[in-house]
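An overview of the molecular structure
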Amino acid sequence: MKNFQWLKQIASTQTKLERRLSLGEYRRAISWSKYLISSGAEIKGGGEEEWSADMSQLFIGNKFASGRHSRIYRGVYKRRDVAIKLISQPQEDGDLAAFLEKQFTSEVALLFRLRHPNIISFIAACKKPPVFCIITEYYPGGSLRKYLHQQGPYSLPHDLVLRLSLDIAHGMQYLHARGILHRDLKSENLLLDEDMCVKVADFGISCLETQCGSAKGFTGTYRWMAPEMIKEKHHTKKVDVYSFGIVMWELLTALVPFDDMTPEQAAFAVCQKNARPPLPSTCPTAFSRLIRLCWSGNPDKRPHFDEIVSTLESYTESLARDPEFLTSHEPSEGYTLARCIPKCIATRRYPSLGT
Ligand SMILES: Nc1ncnc2c1ncn2[C@@H]1O[C@H](COP(=O)(O)OP(=O)(O)OP(=O)(O)O)[C@@H](O)[C@H]1O
């Protein structure tokens, strides 16, 4: 059986049915369990009982997104709107197949234990080699990257930048308090619910600080990656603080970091020339100070998320007292908005955010 072939058949049958039938009729008519049970797969192994999905309760809709090795479908599980991430092991590449299984196991083991308003809500998973699935709550706002893409450059109000940054920092503070490094923090891995609350997602390459090992052969995303990680050196929680600095820059600009470079050129510039994306001259001093600390080349100079949360909370209080609080800014790095905006608008592209 070819990978995904049977899944494609299911998806297309279900999409056709969905179009013809009401949701209730559609739910009665077809469910995943029929196919997964007939595939001969069964759930085994310690711990799986705790997170295994009841496949008779899972209904799949349309594919709406893709990852490097996954496809994401909308669905319904126990009457809840869910996103279903399907990961398929390639038959022709044993190493990649083993890697994907390990990644799935580790992602589920982490997600299963996490409960926080700023972390994606895990619902259940299923392991049916060569296909694995992870069921999470569905967030209709999609990714923060998609949202920023829809906004004009430099258009997010500063109070919104502050609120979204605080959401992300709260989620990261919770993770770090549990000894978990995310290692792939970027706007694509941040989801928005219907109230514009941010959820940190995609724990595929996360690890427990005590078990992270070296970053050798690491597949994170260079544009957001701390220099010590690019250099495959020992790394700590501070790699997430670096990425958080870049995400704050994205919120301020709505642009992709280093979008005039390939990911490899960006990695070289960050490591060898200490390059960072240019802060706009309109960037409030409060933000530029925090961002510069977060993306410092020296991990020891980067603050912990506890400090970042306190700082952002103090900004929120200051803003409530003084609506002008975020209007003070310093000219930065010889970079002027007047020079940047025409170029950014003319050449604004969203290049592949590959490694
Ligand atoms: N629960 C969800 N609600 C809404 N959208 C989601 C949800 N989960 C994932 N997505 C969408 O699917 C995209 C890919 O999801 P995710 O990053 O988890 O997949 P992935 O296979 O780990 O991707 P990659 O390995 O390429 O980073 C997200 O950027 C987002 O647009």
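Per chain, residue numbering runs from 1 following the sequence as it is written. Selection of residues for local features in this predicted model requires a pLDDT of at least 70, selection of side-chain atom pairs for listing and counting requires 80 or more, and totals for whole chains, interfaces and linings are taken over all residues. The side-chain values count all of the structure's non-hydrogen atoms but skip hydrogen atoms and water molecules.

Quick note on the threshold: UniProt positions are given in the numbering used here, feature names are shortened, and annotations may be inferred rather than shown by experiment.
Under an unreviewed UniProt entry, the chain has the name non-specific serine/threonine protein kinase and belongs to Salvia splendens. The UniProt entry for the chain carries the following text under Sequence similarities (unreviewed entry): "Belongs to the protein kinase superfamily. TKL Ser/Thr protein kinase family. RAF subfamily."

Focus: the packing of aromatic side chains
Applicable threshold: In summary, the pairing rule links any two rings of Phe, Tyr or Trp, Trp by its six-membered ring, whose centres are within 6.5 Å, and it sorts them by plane angle into stacked for under 30 degrees, edge-to-face for over 60 and tilted for everything else. The helix and strand labels rest on DSSP assignments: H or I over at least four residues marks a helix, E over at least two residues marks a strand, and numbering proceeds from the N terminus. Think of it in three bands: residues with accessible area under 20% of the maximum for their type are buried, residues over 50% are exposed, and the middle band is partly exposed, with areas taken using a 1.4 Å probe on protein chains only. Any Lys NZ or Arg CZ found within 6 Å of a ring centre and within 35 degrees of that ring's normal is scored as a charge over the ring.
In this structure the tally under the stated criterion is seven aromatic pairs. With a centroid separation of 5.5 Å and 90 degrees between ring planes, the pair formed by Phe64 and Tyr138 is classed as edge-to-face. Placement of the pair is Phe64 in strand E1 (residues 58-66) and Tyr138 in the loop between strand E5 (131-137) and helix H6 (144-150), with a sequence separation of 74 residues. For the ring pair Tyr315 and Phe325, a centre distance of 5.6 Å and an interplane angle of 50 degrees mean the geometry is tilted. Of this pair, Tyr315 sits in helix H12 (residues 305-321) while Phe325 sits in the loop between H12 and helix H13 (337-347), and the two are ten residues apart along the sequence. Exposure remark for Tyr315: the relative accessible area of 11% places this residue in the buried category. For Phe325, a relative accessible area of 25% corresponds to the partly exposed category. Aromatic rings pair up to connect Trp51, Phe104 and Phe132 into one cluster. Positioned over the ring face of Tyr138 is Arg74, at 4.0 Å from the centre of the ring.

Considering the site of the ligand
Selection rule: Only a single heavy atom is needed: when it lies within 4 Å of a molecule or strand, its residue is near that molecule or strand. Polar contacts, as used here, are pairs of N or O atoms within 3.5 Å; protein pairs need one atom able to donate a hydrogen and one able to accept it. Residues neighboring in sequence count only if both atoms are side-chain atoms. In short, Shrake-Rupley with a 1.4 Å probe defines the accessible areas, and a residue's cover is counted only from the protein chains shown. Under the scheme applied here, ten amino acids are nonpolar (Ala, Val, Leu, Ile, Met, Phe, Trp, Tyr, Cys and Pro), four are charged (Asp, Glu, Lys and Arg), and all others, including Gly, are polar.
Taken together, 18 residues lie near the ligand, and Arg68, Ser70, Glu137, Glu188 and Asp202 sit nearest. In this structure, an oxygen atom belonging to the ligand sits 2.4 Å away from a side-chain N or O atom of Ser70. Thr136 is positioned such that a nitrogen or oxygen atom in its side chain is 3.1 Å from a nitrogen atom of the ligand. In isolation the ligand exposes 620 Å². Once the protein is present, 85% of that is buried. Elements supplying a minimum of two residues to the shell around the ligand: E1, strand E2 (70-77), strand E3 (80-88) and E5. When grouped by side-chain class, the residues that make up the shell around the ligand number eight nonpolar, five polar and five charged.

Thoughts on the confidence of the model for the chain
The criterion, for reference: Scored from 0 to 100, pLDDT records how confident the predictor is in each individual residue. Any pair of residues with heavy atoms lying within 4.5 Å of one another is described as a contacting pair.
The predicted model of the chain averages 83 in pLDDT, with 77% of residues at 70 or higher. Between residues 332-355, whose pLDDT stays under 50, and residues either more than four places distant or in other chains, the model counts 59 contacts. Both scores are available for the predicted complex, with the pTM at 0.82 and the ipTM at 0.95.

With respect to the sheet that holds E1
Formally: Pairing between strands requires that DSSP locate at least two bridges from one strand to the other. As a rule, the C-alpha atoms of each element are fitted with a line to give its axis, helices using only the stretch in contact, and angles between N-to-C directions run from 0 to 180 degrees.
Judged by pairing direction, the sheet is antiparallel, and its five strands sit side by side in the order E1-E2-E3-E5-E4 without closing on themselves. Lying at the two open borders of the sheet, with one neighbouring strand each, are E1 and strand E4 (122-128). In this sheet, adjacent strand axes meet at a mean angle of 25 degrees when their direction is disregarded. For E2 and E3, the ladder comprises eight bridges, and the chain directions are antiparallel. Opposite Tyr77, over in E3, you have Arg80 as the bridge partner.

A short note on the nonpolar core
So the rule is basically this: The nonpolar core is taken to be a set of buried Ala, Val, Leu, Ile, Met, Phe, Trp, Tyr and Cys residues, with the residues joined through side-chain atoms within 4.5 Å.
Grouped together as the largest cluster of nonpolar side chains are 78 residues, with contacts concentrated most on Leu144, Ile168, Phe244, Phe287, Ile308 and Leu312. Those residues in contact with Ile168 that sit more than four places away from it in its chain are Leu144, Leu185, Leu190, Val198, Val200, Phe244, Val247 and Leu251. Among the nonpolar cores identified, the runner-up in size contains 15 residues, and Met55, Ile60, Ile123 and Val131 belong to it.

Things to note about the state of the cysteines
In protein chemistry, a disulfide is the covalent bond that joins the sulfur atoms of two cysteines. For clarity, the threshold we go by: Only a pair of cysteine sulfur atoms within 2.5 Å qualifies as a disulfide here.
What the rule picks out here adds up to one disulfide. Take Cys197: it sits in no disulfide, and the sulfur closest to it among the cysteines is that of Cys294, at 20 Å.

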